[in-house]
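Take a look at the letters that make up each chain.
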Amino acid sequence: MPTDTRVLLSVRDLHTTFHTDDGDVLAVDGVSFDVRRGEVFAVVGESGSGKSVTAMSILGLLPPETAEITGEGIFWKGENLLEESGERMRNVRGKEIAMIFQDPLSALNPVHTVGKQIGEMLRIHEDATRKEARAKAIELLELVGIPQARKRVDMHPHEFSGGMRQRVMIAMAIACRPDLLIADEPTTALDVTVQAQVLEVLLSIKDEIDSAIMLITHDLGVVAGMADRVMVMYAGKEVELGTVDELFYELRHPYTLGLLNSLPRIDDLGREELQPIKGSPPSLVRRPSGCAFHPRCPMARVPGICNEVIPPLRHVGGLDHRSACHFAEELKGQGLKVPEWEPTPR
């Protein structure tokens, strides 16, 4: 366990395995990280890299019949959630750790009004009366930018647009002012203007109560503007972890470089087209030998160490900057280049 008193969540050697007819799927493979009070900790990677499964493993939301969660521990303020009962986990969910799910249409109950669903959080965790819960639900809807909140509090989810449903999910998540908010693609269905408003709400709540945000996203632009530290995942493993500046400007993993090269940049006038990562993510039933990224990696030495030895996650620079690449040092200087400003000719 970490000795840093600001660490709220400490995940150590987490493994999540799904038992399927095709074989065991190791969706999360030995992931370890800390989330500190007051920070935004981002988790990035392609679809299927294990980001959402990691979050749902923390909250114990995976079906025990098919999912097996093991590891040294998921320590929440020093308490190992892997050893806690179902009743204790129900108290943690929503009140101490809340989650904004990726698909609000399936996460919201279609037969209950949004006001009742938001109010349920307050009635269960804070013993609010029905009247108090409704009044708070209206306040929360206004906070996340829902127009005519007093009218819409009595509407059902199907009467809202996709973006408004996402904002309802955010209102539910922040209702009890949790110490940790896990946001799984919280702005996927929102336009750019509303996205900025919603992210500002999340940051203001975080600052107001000195909480933390674990942000799961594909949008590296959001990461650049919002995150303090970043963990990059691939095939269920963390492949790089560091501050946002280290990940963007001093990266030490070819997968991170591939993600950044896939982004359009308005200041990159010399590049005519995007540079996607070749190939597809591997099957988690039949994982590649050695480094899982080696079949797609432009730096891979195959045959050789890359397809024979799994690279350990090791320090490659700053105190918290770590990379799982045998040749991390060769990537020095390969981060984003900030163009030098030149005055416009008269």
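Residues numbered from 1 in each chain as written. Predicted model: local features only at pLDDT ≥ 70, side-chain atom pairs only at ≥ 80, totals over all residues. Heavy atoms only, no water.

Okay, the overall build of the chain next. A tally of helices and strands in the chain yields 11 helices and 13 strands. Against the compact-globule benchmark of 20 Å for 346 residues, the chain has a radius of gyration of 21 Å, which places it among compact chains. With the C-alpha coordinates of the chain rotated into their principal frame, the extents come out at 65 × 65 × 40 Å. Here the chain holds 346 residues, and the buried ones make up 50% of them. A fraction of 64% describes how many contacts in the chain between residues 6 or more apart in sequence connect residues 24 or more apart. Of the roughly 17,100 Å² of accessible surface on the chain, a fraction of 51% belongs to carbon and sulfur atoms. Computed over 38 positive and 51 negative side-chain charges, the separation of the two mean positions in the chain equals 4 Å. (Helix = DSSP H or I, 4+ residues; strand = E, 2+ residues; numbered from the N terminus. Rg over C-alpha atoms; globule rule 2.2 N^0.38 Å. Buried < 20%, exposed > 50% of the residue type's maximum accessible area, 1.4 Å probe, protein only. Contact = heavy atoms within 4.5 Å. Areas by Shrake-Rupley, 256 points an atom, 1.4 Å probe, with all protein chains shown as cover. Lys, Arg positive; Asp, Glu negative; His and termini not counted. Charge placed at Lys NZ, Arg CZ, Asp CG, Glu CD.)

By way of backbone hydrogen bonds, the strands of a sheet pair with one another, either parallel or antiparallel. An order of S7-S8-S9-S3-S10-S11-S13-S12 is seen for the 8 strands of this open sheet, with the pairing classed as mixed. Because the sheet does not close on itself, it has two edges, and the strands there are strand S7 (97-100) and strand S12 (314-315). Judged from the 4 bridges that link them, strand S3 (residues 40-44) and strand S10 (residues 229-234) form a sheet pairing that is parallel. Along S10, the bridge assignment pairs Ala-42 with Val-230. Sheet contacts for helix H1 (residues 51-58): S3, S7, strand S8 (180-184), strand S9 (212-217) and S10; angle to S9, the most-contacted strand, approximately 145 degrees. This element, helix H11 (residues 254-261), spans S10 and strand S11 (237-243) of the sheet and lies at about 100 degrees to S10. (Pairing = 2+ DSSP bridges. Axes fitted to C-alpha atoms, helices over the stretch in contact; angles between N-to-C directions.)

Right, let's get into the pattern of salt bridges. Under the defined criterion, the tally for this structure stands at 17 salt bridges. Where salt bridges share partners, they join Asp-29, Lys-237 and Arg-287 into one cluster. (Salt bridge = Lys/Arg side-chain N within 4 Å of Asp/Glu carboxyl O.)

Enumeration according to the criterion identifies 2 cavities of 30 Å³ or more in this entry. Space inside the largest cavity adds up to approximately 80 Å³. Residue lining of the largest cavity: 13 residues in total, with Pro-254, Cys-291, Cys-297, Cys-306 and Cys-325 positioned closest to the centre. Residues of the lining of the largest cavity, tallied by class, amount to 10 nonpolar, 3 polar and no charged. Put simply, the second largest cavity is a space of about 60 Å³. What lines the second largest cavity is Val-44, Leu-220, Val-223, Val-230, Val-232, Leu-247, Phe-248, Thr-256, Leu-259 and Leu-260. Of all the secondary structure elements, the ones that give two or more residues to the lining of the second largest cavity are helix H9 (220-226), S10, helix H10 (244-249) and H11. Top contributing element to the lining of the second largest cavity by residue count: H11, with 3 residues. Split into classes, the residues belonging to the lining of the second largest cavity amount to 9 nonpolar, 1 polar and no charged. (1 Å grid on protein atoms, 1.4 Å probe; cavity = no way out; pocket = protein on both sides within 12 Å on 5 of 7 lines; lining within 4 Å. Points joined across faces, edges and corners; volume = space filled by probe spheres on them. Nonpolar A, V, L, I, M, F, W, Y, C, P; charged D, E, K, R; others polar.)

Moving on, we get to the confidence of the model for the chain. Considering every residue of the chain, the mean pLDDT works out to 89; 94% of them sit at 70 or more. Contacts for the low-pLDDT stretch residues 339-346, under 50 throughout, to residues beyond four places or in other chains number 2 contacts. (pLDDT = per-residue confidence, 0-100.)

In this structure, the amide linkage connecting Val-302 to the following residue, Pro-303, adopts the cis form with an omega of -5 degrees. When you line up the elements, Pro-303 lands in the loop between H11 and S12. For Gln-148, which is not a glycine, the phi torsion comes out positive at approximately 50 degrees. What makes Gln-148 exposed here is its relative accessible area of 53%.

The alternating pattern of S7 places Ile-97 and Met-99 on one face and Ala-98 and Ile-100 on the opposite face, and all of these are buried. Bridge count for S7 against S8 is 4 bridges, and the pairing is parallel. Looking across to S8, one finds that Ile-97 is bridged to Leu-180.

This paragraph deals with the nonpolar core. Leu-9, Phe-33, Leu-141, Leu-180, Ile-182, Val-223 and Val-230 are the most contacted members of the largest nonpolar core, which has 109 residues in total. Beyond its immediate stretch of four places on either side in the chain, Leu-180 contacts Leu-9, Val-35, Trp-76, Glu-96, Ile-97, Ala-98, Ala-212, Ile-213 and Met-214. (Core = buried A, V, L, I, M, F, W, Y, C linked by side-chain atoms within 4.5 Å.)

As a packed pair, helix H4 (residues 114-125) and helix H7 (residues 162-173) sit with axes 8 Å apart at the nearest point and diverge in direction by 20 degrees. Taken together, H4 and H7 sit at an angle that is classed as roughly parallel. Two packed elements cross with a definite hand, and for H4 against H7 that hand is right-handed. Contacts from Val-114, Gln-117, Ile-118 and Met-121 of H4 reach H7 at Val-168, Ala-171 and Met-172. Taken together, the residues of the contact of H4 with H7 sort by class into 6 nonpolar, 1 polar and no charged. (Parallel < 35°, antiparallel > 145°, perpendicular 65-115°, else oblique. Left-handed = near helix turned anticlockwise from the far one by under 90°.)

The next thing to look at is the layout of surface pockets. In this structure, the largest pocket encloses a volume near 530 Å³. Lining the largest pocket we find 19 residues, and of these Arg-93, Gly-94, Phe-101, Met-121 and Met-172 sit closest to its centre. Where the lining of the largest pocket is concerned, the elements lending two or more residues are S7, H4 and H7. Ranked by residues supplied to the lining of the largest pocket, first place goes to H4 with 5 residues. Residue composition of the lining of the largest pocket, grouped by class: 12 nonpolar, 4 polar and 3 charged. One number sums up the size of the second largest pocket: a volume of about 270 Å³. As for the second largest pocket, its lining consists of 17 residues, of which Lys-237, Glu-238, Ile-310, Pro-311 and Ala-324 are closest to the centre. Contributions of two or more residues to the lining of the second largest pocket are made by strand S2 (23-36) and S11.

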